[in-house]
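Fold and geometry: a report
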Amino acid sequence: MTQRITQVDAFTAEPFAGNPAGVCLLPDAGDPAWMQRVACEMNLAETAFLHKQGDDYSLRWFTPTTEVDLCGHATLASAHVFWEEGHLPSDQPARFHTRSGLLTATRDGAWINMDFPATPPQATEPPDGLLAALGVASAVWTGKTRWVEFVELESGAAVRALVPDMGRLARFPMRGVIVTARAATPEYDFVSRFFAPAAGVPEDPVTGSAHSALAPYWAERLNKSAMTGYQVSPRGGVILVRPSGDRVIISGQAVTTLRGELLA
């Protein structure tokens, strides 16, 4: 039996930019070991697996090495596939039941708006050796969320220049680390990068879930209710954010780059 799988570049309107995700719509709940093997074979930051759950869908995300609790770009990619392939009418919201609760996505022209839980970072001292593993001597601010460490640097140039020691970063007991700074140009409010070598993703090209933390953090510091972030990975991606209480609206675009069939 074959199984269709689609690859989508998320948080971009152009192919071969943004963050690629696999999207696999299953006839029923998949075997976790099989899903993990497929994600390893796809070798993307995340592969999404979905099946019907009543009128909605169950959604799980896997990196090449582990299942994760929250992923923005693969959720965006999933909603894009549902509307593009006609699984949902374009005016109907996509509703996903996940490890992080109910997530919804709606279509707004070329953009997709996702309703995610806010995960604002709490101020903490960084773990011993974390800044050295990132290759920096000091930080403006450090903290952590439920899943990741959070580091603000003095400038966007400093964020772009990072060359972390991935081997050292992988030894920290965390999913990953967000590094951010104020943007130097007016088209963006802040820039960021995300490193998760312990989860099999040395540098994630564009990380929707990181913006659940970045949005409330920068909203407080910039006193703004709507912002534009740019993730300055080699592929790069644009993310619009609007914090709203304990939720964040995360918006992006997406483009399909590949459709295929799994034969195993």
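Check the entry above for the structure.
What you are looking at is a predicted structure, and each value in this text was computed from that prediction instead of being measured. (Residues numbered from 1 in each chain as written. Predicted model: local features only at pLDDT ≥ 70, side-chain atom pairs only at ≥ 80, totals over all residues. Heavy atoms only, no water.)

**Re empty space enclosed by the protein**
- In this structure the tally under the stated criterion is 2 cavities of 30 Å³ or more.
- Approximately 90 Å³ is the volume found for the largest cavity.
- Lining the largest cavity are Leu-70, Thr-119, Thr-145, Trp-147, Val-148, Arg-175, Ile-178, Phe-194, Thr-207, Ser-209, Ala-210 and Ala-213.
- Its residues assigned to classes, the lining of the largest cavity comprises 7 nonpolar, 4 polar and 1 charged.
- Roughly 40 Å³ of volume is contained in the second largest cavity.
- Every residue along the wall of the second largest cavity is listed here: Glu-46, Thr-63, Val-68, Arg-175, Phe-194, Ala-196, Ala-199, Val-201 and Asp-204.
- By residue class, the composition of the lining of the second largest cavity is 5 nonpolar, 1 polar and 3 charged. (1 Å grid on protein atoms, 1.4 Å probe; cavity = no way out; pocket = protein on both sides within 12 Å on 5 of 7 lines; lining within 4 Å. Points joined across faces, edges and corners; volume = space filled by probe spheres on them. Nonpolar A, V, L, I, M, F, W, Y, C, P; charged D, E, K, R; others polar.)

**Some points on helix α1 (residues 32-42)**
- Those residues of α1 that fall on the buried side of the exposure criterion are Met-35, Gln-36, Val-38 and Ala-39. For α1, the angular spread of buried residues about the axis comes to 160°, placing them on one side. Those residues of α1 that are exposed and aimed more than 90 degrees away from the buried face are Arg-37 and Glu-41.
- Just downstream of α1, Asn-43 is the residue with a positive phi angle, here 55°. (Buried < 20%, exposed > 50% of the residue type's maximum accessible area, 1.4 Å probe, protein only. Helix = DSSP H or I, 4+ residues; strand = E, 2+ residues; numbered from the N terminus. Arc of directions from axis to C-beta.)

**Looking at the pairing of strand β15 (residues 227-231)**
- Judged by how many residues are buried, β15 sits mostly within the fold: 5 of 5 residues are covered.
- What you see with β15 is no split at all: Met-227, Gly-229 and Gln-231 on one side and Thr-228 and Tyr-230 on the other are buried throughout.
- For strand β13 (residues 190-196) and β15, the ladder comprises 3 bridges, and the chain directions are parallel. Bridging across to β15, Val-191 finds its partner in Tyr-230.
- Note: β15 against strand β16 (residues 237-244), 5 bridges, orientation antiparallel. Opposite Gly-229, over in β16, you have Ile-239 as the bridge partner. (Pairing = 2+ DSSP bridges.)

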